[in-house]
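Structural overview
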Amino acid sequence: MSNEIKNNTKSIKSTKNKYAVLSLSGGMDSSSLMLRLLADGYEVTAISFDYGQKHKVELEKALSLTDYLKQQGLKVKHHTINIDGLSQLLHSALISGGEDVPTGHYHESNMRLTVVPNRNKIFSSIIQAAALSIAEAQNTDVIIAMGVHGGDHATYPDCRQLFRDKDYDAFIAGNWDAEKVTYYLPYINSSKTDVLRDGMRACEALGLKYEEVYEMTFTSYIPVEHDNTIYSDYQSASSIGRIEAFLNLGLQDPAAYADELGPVTWQTVKAHAEKTLAEFKKQEV
């Protein structure tokens, strides 16, 4: 059975009540997508997962951001699903007790250690169940939104269109009335810079200050704690990818950064990221 997933933001038709279920990590990409959905008039059910990740602070950020958006009168619900019992069975640098998370540029050879086996398939099964339940209860169509972007393709097979299509086929085959649920992947062929740009446009449409919003997101795979405060690192590949997006837009990332010596300034963060990116470009040549 062929099922074409709609990936263009303009492809969503306007209805009186629009429902979306979002996989929300607490990072920049999925948070940007949540903003886009809200700006487009969706009622959002955001689902986060505790799977024993080292950077569990992202779950606190996801909760803080959704609470903030609710205070602004926006229609968003947040649920955290605890599946951290899996951590003892999974091999990945992202899991507590795993290898060290790599530093440097966000590219395939550097990020392979951060692959969590079958992670998005596990998440998808739960999200699909929630989305279909909403569709049945509300007697309406529901979209499943995921913030996967073009930069994920090389490292994470479960972020590619091929996987999403096959996963959707299995969902359709295994459930009654599953056609009421479709995937929405607006960033799947976009860069991280494009994702940030769209999130900022959504902030503007919603009357929100992007500094306040993105300060409540967390992208680092190596959290740094000082004086009971958790900061983002600025050397891991995930952080470099985020910082690069802000640099490309000529903006300062409002997130707080630190290293083993303590909090650092944006100038320090910027200088390190620019040096890392320049070195990577030389290697490509």
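On a predicted model such as this, the values are computed, not experimentally measured, just so you know.

The next point concerns the confidence of the model for the protein chain. Per-residue pLDDT for the protein chain averages 86, and the proportion of residues at 70 or more is 80%. This stretch, residues 1-15, has a pLDDT under 50; its non-local contacts, to residues over four places away or in other chains, come to 27 contacts.

The first and last C-alpha atoms of helix α4 (residues 119-138) sit 29 Å apart over 20 residues, in line with the 28 Å expected at 1.5 Å per residue. Tucked into the core, α4 has its buried residues touching β1 (18-23), β2 (42-50), β4 (142-145), α5 (161-174) and β5 (181-184). Directly after α4, the chain includes N139, whose backbone phi takes a positive value near 50°.

Let us now look at the pattern of salt bridges. One pass over the structure, following the stated rule, counts ten salt bridges. The residue D67 makes a salt bridge to K70 at a minimum N-O spacing of 3.7 Å. Separated by three residues within a single helix, D67 and K70 lie in helix α2 (residues 57-71), roughly one turn from each other. You can call D67 partly exposed: its relative accessible area is 30%. It is possible to trace a salt-bridge network through shared partners that takes in R36, D40 and D198.

In spatial order, the strands read β3-β2-β1-β4-β5; together these five strands make up an open sheet with parallel pairing. Unpaired on one side and paired on the other, β3 (76-82) and β5 mark the two borders of the sheet. Between one strand axis and the next, the sheet turns through 25° on average, direction left out of account. Two elements, β2 and β3, share seven bridges in a ladder whose sense is parallel. Counterpart to I47 in the pairing with β3 is H79. On the sheet, α4 packs against β1, β2, β3, β4 and β5 and is oriented at approximately 165° with respect to β1.

Definitions and cut-offs
- The written sequence of each chain sets the order in which its residues are numbered from 1.
- Predicted model: local features are reported for residues with pLDDT of at least 70 only, side-chain atom pairs are reported and counted for 80 or more only, and whole-chain, interface and lining totals are derived from all residues.
- Calculation of side-chain values draws on the structure's entire complement of heavy atoms; hydrogens and water are dropped beforehand.
- A residue's pLDDT is the confidence the predictor assigns to it, expressed on a 0 to 100 scale.
- In what follows, residue pairs with any heavy atoms lying within 4.5 Å of each other are defined as contacts.
- Numbered from the N terminus, helices here are DSSP runs of H or I no shorter than four residues, and strands are runs of E no shorter than two.
- By this rule the span expected of a helix is its residue count minus one, scaled by 1.5 Å.
- Definition used for salt bridges: Asp or Glu carboxyl oxygen within 4 Å of a side-chain nitrogen of Lys or Arg.
- In this scheme, a residue with accessible area under 20% of its type's maximum is buried, one over 50% is exposed, and one in between is partly exposed, where area comes from a 1.4 Å probe on protein chains only.
- Strands qualify as paired when DSSP identifies two bridges or more between them.
- Interaxial angles span 0 to 180 degrees and are taken between N-to-C directions of axes, which are lines fitted to C-alpha atoms, for helices over the stretch in contact.

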